[in-house]
Amino acid sequence: MASTILVTGATGTIGTELVKALANRGVTVRAGVHSIIKGDRLKHLNPDVQLVEIDYHKPETLAVALTGAERVFLLPPPTSDQVELARLFIDAAQKAGVRQLVQLSAAGAGRDAQIEIDRRHHEIEQLVAASGLTYATLRPEGFMQNFVEQHCATIRDEGKFYMPLAEAQVAYIDVRDIAAAAATLLTSDPATHAGQAYHLTGPAALTGQQVAEALSQGTGREVTYVPVSEEDARTAMQELPAERVKELLALYADYRAGHAATVTDEVASLAGHAPHTIQQFANDYKAQFQPED
């Protein structure tokens, strides 16, 4: 019987790519979703995927989702109570006899965890390590796909994106490479990676200007990076929840301090291929950045 792998956060950016990456690997993929209706699109990526509802505040949904699952990809919702939700899930995984847990953490959790989002991930790492489960941890740097999620509108409408990064370098990673690394961990002998933490990065540390150059080449139109002050960034994000604004500004400050510029080869060692370059990302996502007709 094929091993059953539960992917939490399956409709998110990483979860969606992981469901796709696990297709044709001889495993049963169970996608944990908040809404079965919204999760139905995953069937187009992997027609054999099982959909199961997960509500972290309803222990019975965790028990159902974990029944028969030998391996789990853990990505609890990025909410203020993320640590408590992770605790509830880990307790349920212990009771279900899960064989392996792969946690998506953050690069900052492996450094000094000075900002809130990194502290939360660090606390979850500690819960996982103390659980007695066989586990491995992925700590990716900032996502290339965030340029789609956070800056697509201004790139599309103005040919510009605004960030309070000055000339800071960030080793942005394509989420497809995170998914590929996770898929390797979830389909390998759990003992091979037990207790290991992997710092995942792209192939180069990039300035905003270098990202803009790649987007310009990919889209065939000029895209400009505009460095802004922290206060201007705060004003631009005023429609976001205050807690989210605080987290993003802290993350940008972490980047400006040079903490995200280290490049590793761990994508290649896990996934068996070189990570996507920023140019490959720009070429593949160019339609997202084109002006609307």
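Up top is the structure these notes are about.
Residues numbered from 1 in each chain as written. Predicted model: local features only at pLDDT ≥ 70, side-chain atom pairs only at ≥ 80, totals over all residues. Heavy atoms only, no water.

### With respect to the packing of aromatic side chains
Then comes step 1: The final tally for this structure, using the stated rule, is six aromatic pairs.
Then comes step 2: A connected cluster of aromatic rings, assembled from ring pairs, spans Phe147, Phe161, Tyr172 and Tyr225. (Phe/Tyr/Trp six-rings, centres within 6.5 Å; stacked < 30°, edge-to-face > 60°.)

### A look at unusual backbone geometry
Then comes step 1: Positive phi is not limited to glycine here, since Asn24 has a value of about 65 degrees.
Then comes step 2: With respect to the helices, strands and loops of the structure, Asn24 is situated in the loop between helix H1 (13–21) and strand E2 (28–33).
Then comes step 3: Even without being glycine, Ala166 reaches a positive phi, approximately 50 degrees.
Then comes step 4: Structurally, Ala166 can be placed in the loop between strand E7 (160–163) and helix H8 (175–187). (Helix = DSSP H or I, 4+ residues; strand = E, 2+ residues; numbered from the N terminus.)

### Describing the layout of surface pockets
Then comes step 1: Of the pockets and cavities examined, the second largest pocket occupies roughly 450 Å³.
Then comes step 2: Together, 18 residues line the second largest pocket, and Gln150, His151, Tyr162, Ala236 and Met237 are the ones closest to its centre.
Then comes step 3: Elements with a contribution of two residues or more to the lining of the second largest pocket: helix H7 (146–158), E7, helix H10 (230–236) and helix H11 (242–256).
Then comes step 4: At four residues, the largest contribution of residues to the lining of the second largest pocket is made by H7.
Then comes step 5: In terms of residue class, the lining of the second largest pocket is built from eleven nonpolar, four polar and three charged. (1 Å grid on protein atoms, 1.4 Å probe; cavity = no way out; pocket = protein on both sides within 12 Å on 5 of 7 lines; lining within 4 Å. Points joined across faces, edges and corners; volume = space filled by probe spheres on them. Nonpolar A, V, L, I, M, F, W, Y, C, P; charged D, E, K, R; others polar.)

### Observations regarding the side chain of Asp55
Then comes step 1: Along the chain, Asp55 falls in the loop between strand E3 (50–53) and helix H4 (59–66).
Then comes step 2: It is Lys58 that comes nearest to the buried, bridge-free Asp55 among opposite-charge side chains, at 4.2 Å.
Then comes step 3: Among the polar contacts made by the side chain of Asp55, one reaches the main-chain amide nitrogen of His57 at a distance of 2.9 Å.
Then comes step 4: The contacts of Asp55, once residues within four sequence positions are left out, are Thr61 and Leu62. (Buried < 20%, exposed > 50% of the residue type's maximum accessible area, 1.4 Å probe, protein only. Lys, Arg positive; Asp, Glu negative; His and termini not counted. Salt bridge = Lys/Arg side-chain N within 4 Å of Asp/Glu carboxyl O. Polar contact = N/O pair within 3.5 Å; in protein donor to acceptor, adjacent residues only side chain to side chain. Contact = heavy atoms within 4.5 Å.)

### What to know about the pattern of salt bridges
Then comes step 1: Applying the stated rule across the entire model yields 14 salt bridges.
Then comes step 2: Arg119 is the salt-bridge partner of Glu116, the closest N and O atoms lying 3.2 Å from each other. Taken as a pair, Glu116 and Arg119 lie in helix H6 (residues 116–130) at a separation of three residues, close to a single helical turn.
Then comes step 3: Note on Glu116: relative accessible area 34%, which makes it partly exposed.
Then comes step 4: For Arg119, a relative accessible area of 35% translates into the label partly exposed.
Then comes step 5: Across the salt bridge formed by Arg176 and Asp174, the nearest N and O atoms sit 2.7 Å from each other.
Then comes step 6: Taking relative accessible area as the criterion, Asp174 reaches 0% and is therefore assigned buried.

### So, the sheet that holds strand E1 (residues 4–7)
Then comes step 1: Taking strand neighbours across the sheet as the criterion, the seven strands line up as E3-E2-E1-E4-E5-E6-E8 in an open arrangement whose pairing is parallel. Only two strands of the sheet have a single neighbouring strand rather than two, namely E3 and strand E8 (197–200). The sheet shows a mean angle of 20 degrees between the axes of neighbouring strands, direction not considered.
Then comes step 2: Two strands pair when backbone bridges link them, and strand E5 (residues 100–104) and strand E6 (residues 135–140) are joined in this way by four bridges, in the parallel orientation. If you follow Leu101 over to E6, its bridge partner there is Tyr135. (Pairing = 2+ DSSP bridges. Axes fitted to C-alpha atoms, helices over the stretch in contact; angles between N-to-C directions.)

On their own, these measurements won't tell you what the molecule is for.
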